[in-house]
Each structure stands twice: as C-alpha cells, then as structure tokens.
Amino acid sequence: MTLPAEFHDIAKRVNNWGRWGADDEIGTLNLITDEVVRSAAAEIRSGRRIPLALPLKEDGVQVGMIPGRINPLHTMVQINQELFGPGTVACSDDAVSMGLQAGTHWDALTHVSHSGRIYNGRPASTITAHGRAEFSGIDKATPIVSRGVLLDVARAKGLDRLPGDHAVTPADLAEAEEFGRVTVRAGDVVLVRTGQIQVYLAGDKHGYGFPSPGLSVRTPEWFHARDVAAVANDTLTFEIFPPEIENLWLPVHALDLVEMGMHQGQNWDLEKLSTACAEENRYAFLLSAMPEPFVGGTGTPVAPVAVL
C-alpha cells in the first residue's frame, strides 16, 4: 500500500533535506547551539534533579510486539574473581544483551525509512546488516543537552492519563503550553506527557502498548514551525496506536525522523517531572539526555535527567 497524498503533503511542508547542507547527518540537533545551551542553563533555580528513565530489567516494557526488540538479558560473567591470584583484589563483571530501543531511548534518524529514503534523501539501502547505519547513526548525534519543556497534555486537561484513543493534536500542545505558561522556542527538547506510562508502572505491559494515546500526524508541522530540536514522550509507540488514519502505520515516525530529521524518544517516565513542575509552577528546565554512541545504531538507551 502506498502512502496517501495527505501524508506526502505534510512531508513537503516539514521537509528539512538540505537545510543544513547535503552532508548533514544530525537534522534538527543543529538547532541546539551554544547560545541555546547557555540560555538553558539559566533555567536551573532549585537544582532539583528528576530522573526520567525506566529501570533496565529483564521484565521490561517489551512484550514481543516488535520482533527482536528484547528486554535486557543481564548475565554475570565474573563474581568476586581474584584475577591476579589468591588474596588479590576480586572483581565482579556483567554483560547485557538487549534491544537498543528496549527501554527509555532515542530513535536515530535511521530508525525508519519511507519510499526508499532516510533523512536528507539518502538511500535506505545504506543501512546494512554488517555496516549498520552508514549515515545518521545514533553515534553521529551531537550532545543532547538543551532547554527542556514539559507539555503536560494530561494535566492541562485535568486528567491523570489521556484515554487510549486520544491523538494529541497541535491544539492540545498549545493548550499545554498555555497551561504551563511556557513558550516553546528554537532548540528546545519537548517532552509530551500523556500519563500512559502509568499503565506500565501498574504492571499492565500489554495495556501500556495497546491501545495507546500518542502524537497525531498533525503534530510534526507544529514542531517544525517552532524549530524544536527533539521530542520525547511517555508511550511505547510515540504516536497514537492504533493509527488515527486507517492502515497508515507510523506516519509520525516517518515525518519526524525521515522528513524533518528530528530525533524522538519513547518510554520516558514523566510522572515525577509532572509533579515537580506543578509544585514549582514552571515547565522549563535544563535537560541532559546524552545518547550512548553505538556506532551505526538506529537507536540507543538513554538515562535523561531534568534539572529544575
């Protein structure tokens, strides 16, 4: 099935190919300038640090819906082993095998393709089994340290959690912006709270993934108009699932990653941040969310921290 004309119309309006040159591999991360970071540091007032990552564990968020995306398999490879002889210092070591997008993560710009292309018009065939992502792998991402803005869509509507069939629209984002008395500006990393992570935290892994609220296909234009550097939320699928347009699967991924060149994150736990922002009555902060530099990776685990 070909992508509908409606999708291609939006794609043309948000397309950033060539905006930062034909050789660009990082897309909207170019918007995180030194000036943006200096301004972001000024958001720190209380020094309160809020972790946003889910624990990495074998009984994690993955349920097998995405083939090969396994939860972490954690193995001890040394336990109190005296490597240099009896009576010497003993070491314990461990190893992990996991899907790079298994828990709280960033999607690289190569995570999806459409019409045979990835970001900046490069062929999707540049992603191979042995070479991995030749262009725009997650190792190419520059440091993601910027001003973070929480758009608490659920709290703005007076809800703990959005219904599973709620597609977050540009109007919802604007409402949350007004609720938080904050203005999204160029270079910001926007965190969109739906409250859906509560389902996982309550133990319902299947209910967490489906049905799920998430971003509407209309939202990429909103982010593009504001020159947002990256977006993350508290759901498994990032966008509403099942999709709002029948049989149009992962259109927001394609618009954000392929057309706009905007990294996106999933499975971020925004519950403590929601509480902290409400208590301090402000919704902007310094955000540190450094990608792990897996060479050629199409995603990476991340342990973000918001500093208020």
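Before going into details, it helps to say that this report is about the structure given with it. (Residues numbered from 1 in each chain as written. Predicted model: local features only at pLDDT ≥ 70, side-chain atom pairs only at ≥ 80, totals over all residues. Heavy atoms only, no water.)

1. Examining the sheet that holds strand S15 (residues 305-307)
As summarised here, the arrangement of the nine strands in space is S1-S15-S13-S7-S9-S11-S12-S4-S14, forming an open sheet in which the pairing is mixed. Among the strands making up the open sheet, the edge pair consists of strand S1 (49-51) and strand S14 (299-301). The sheet shows a mean angle of 25° between the axes of neighbouring strands, taken without regard to direction. Pairing of strand S4 (residues 105-107) with S14, which is carried by three bridges, proceeds in the antiparallel orientation. Paired with aspartate 107 across the strands is glycine 299, a residue of S14. Taken strand by strand, helix H9 (residues 271-280) contacts S1, strand S7 (145-152), strand S9 (189-193), strand S13 (284-288) and S15, and its axis lies near 85° from that of S7. (Pairing = 2+ DSSP bridges. Helix = DSSP H or I, 4+ residues; strand = E, 2+ residues; numbered from the N terminus. Axes fitted to C-alpha atoms, helices over the stretch in contact; angles between N-to-C directions. Contact = heavy atoms within 4.5 Å.)

2. Here's the deal with a nonpolar patch on the surface
Taken together, the side chains of Val63, Met65 and Ile66 present a nonpolar region at the surface, about 210 Å² in accessible area. Checked against the element boundaries, methionine 65 lands in the loop between S1 and strand S2 (73-82). For methionine 65, a relative accessible area of 41% translates into the label partly exposed. (Patch = residues over 30% accessible without salt bridge, like charges linked within 9 Å, V, L, I, M, F, W, Y side chains within 5 Å. Areas by Shrake-Rupley, 256 points an atom, 1.4 Å probe, with all protein chains shown as cover. Salt bridge = Lys/Arg side-chain N within 4 Å of Asp/Glu carboxyl O. Buried < 20%, exposed > 50% of the residue type's maximum accessible area, 1.4 Å probe, protein only.)

3. Section: the packing of helix H1 (residues 5-14) against helix H8 (residues 251-260)
In the contact formed by H1 and H8, the axes pass within 10 Å of each other and the chain directions differ by 35°. The two elements H1 and H8 cross, and the hand of that crossing is right-handed. Residue-level inspection shows Phe7, Ile10, Ala11 and Val14 of H1 in contact with H8, the latter providing Pro251, Ala254, Leu255, Glu259 and Met260. Tallied by class, residues from the contact of H1 with H8 come to eight nonpolar, no polar and one charged. (Left-handed = near helix turned anticlockwise from the far one by under 90°. Nonpolar A, V, L, I, M, F, W, Y, C, P; charged D, E, K, R; others polar.)

4. Thoughts on the environment of asparagine 120
For asparagine 120, the position within the fold is in the loop between S4 and strand S5 (127-128). Among the residues examined, asparagine 120 registers a relative accessible area of 11% and is labelled buried. Through-space distance from the C-alpha of asparagine 120 to that of tryptophan 20 is 9.4 Å; in sequence the pair is 100 residues apart. When residues no more than four places from it in sequence are discounted, the contact partners of asparagine 120 are Asn16, Trp17, Gly18, Gly21, Ala22, Asp23, Asp24 and Val258. At 3.1 Å, the side chain of asparagine 120 and the backbone oxygen of aspartate 24 are in polar contact. (Polar contact = N/O pair within 3.5 Å; in protein donor to acceptor, adjacent residues only side chain to side chain.)

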